[in-house]
Amino acid sequence: PTLEQLEIRHIDVRQAGAWQHGRLMFDGQPLGSVVQELQRYRVAPIAIDDARVAQYRLSGAYDIKGIEALIDTLPHILPVRIVRDKDGSVRI
């Protein structure tokens with residue numbers, strides 16, 4: 001990439017190292033990015049059915065071992081609905 005194509009981003013050191021302490025930290029991140037991160041800790045897929053939903057923002061610190069609880073909590077903190085399929089996949 002050329003210099004003009006590079007994007008400069010500030011990194012929160014606490015957030016970057018949170019996974020080492022069993023935490024996932026999100027600071028206004030789009031749900032699409034959050035789902036990509038959650039997918040790293042889950043075998044069955046997570047899909048977002050509506051591109052607009054992928055733009056919703058999520059903040060907070062969450063336990064890596066509580067991924068399923070976080071997924072179940074999403075409808076309480078964002079205007080989304082969760083559908084769990086028999087194969088373990090999740091649709092938002």
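Residues numbered from 1 in each chain as written. Predicted model: local features only at pLDDT ≥ 70, side-chain atom pairs only at ≥ 80, totals over all residues. Heavy atoms only, no water.

(A) Local environment of the overall build of the protein chain. Summing up its helical and strand segments, the protein chain has three helices and five strands in all. The secondary structure elements of the protein chain, listed N-terminal to C-terminal, are α-β-α-β-β-α-β-β. Taking all 92 residues of the protein chain together, the buried fraction comes to 30%. Here the contacts in the protein chain between residues at least 6 apart in sequence split such that 57% fall between residues at least 24 apart. Summed over its atoms, the accessible surface of the protein chain is roughly 6700 Å², and 53% of this surface lies on carbon and sulfur atoms. (Helix = DSSP H or I, 4+ residues; strand = E, 2+ residues; numbered from the N terminus. Buried < 20%, exposed > 50% of the residue type's maximum accessible area, 1.4 Å probe, protein only. Contact = heavy atoms within 4.5 Å. Areas by Shrake-Rupley, 256 points an atom, 1.4 Å probe, with all protein chains shown as cover.)

(B) The arrangement of helix 2 (residues 31–39) in detail. Taken together, the buried positions of helix 2 are occupied by Leu31, Val34, Val35 and Leu38. The buried residues of helix 2 occupy an angular sector of 100° when the element is viewed end-on, so they sit on one face. Where helix 2 is buried, its residues meet strand 1 (23–30), strand 2 (46–47), strand 3 (57–63) and helix 3 (67–77). (Arc of directions from axis to C-beta.)

(C) The arrangement of the pattern of salt bridges in detail. The tally for this structure, following the rule as stated, stands at six salt bridges. Between Asp49 and Arg91 there is a salt bridge, and its shortest N-O distance comes to 3.9 Å. Of this pair, Asp49 sits in the loop between strand 2 and strand 3 while Arg91 sits in strand 5 (residues 90–91); the two residues are 42 residues apart in sequence, bridging distant segments of the chain. By relative accessible area, which is 54% here, Asp49 ends up exposed. Arg91 sits in the partly exposed class, given a relative accessible area of 32%. A salt bridge links Asp50 to Arg52; the nearest nitrogen and oxygen atoms lie 2.7 Å apart. By relative accessible area, Arg52 is classed as exposed at 63%. Among the ionic contacts, a cluster of salt bridges with common partners joins Arg42, Glu68, Asp72 and Arg84. (Salt bridge = Lys/Arg side-chain N within 4 Å of Asp/Glu carboxyl O.)

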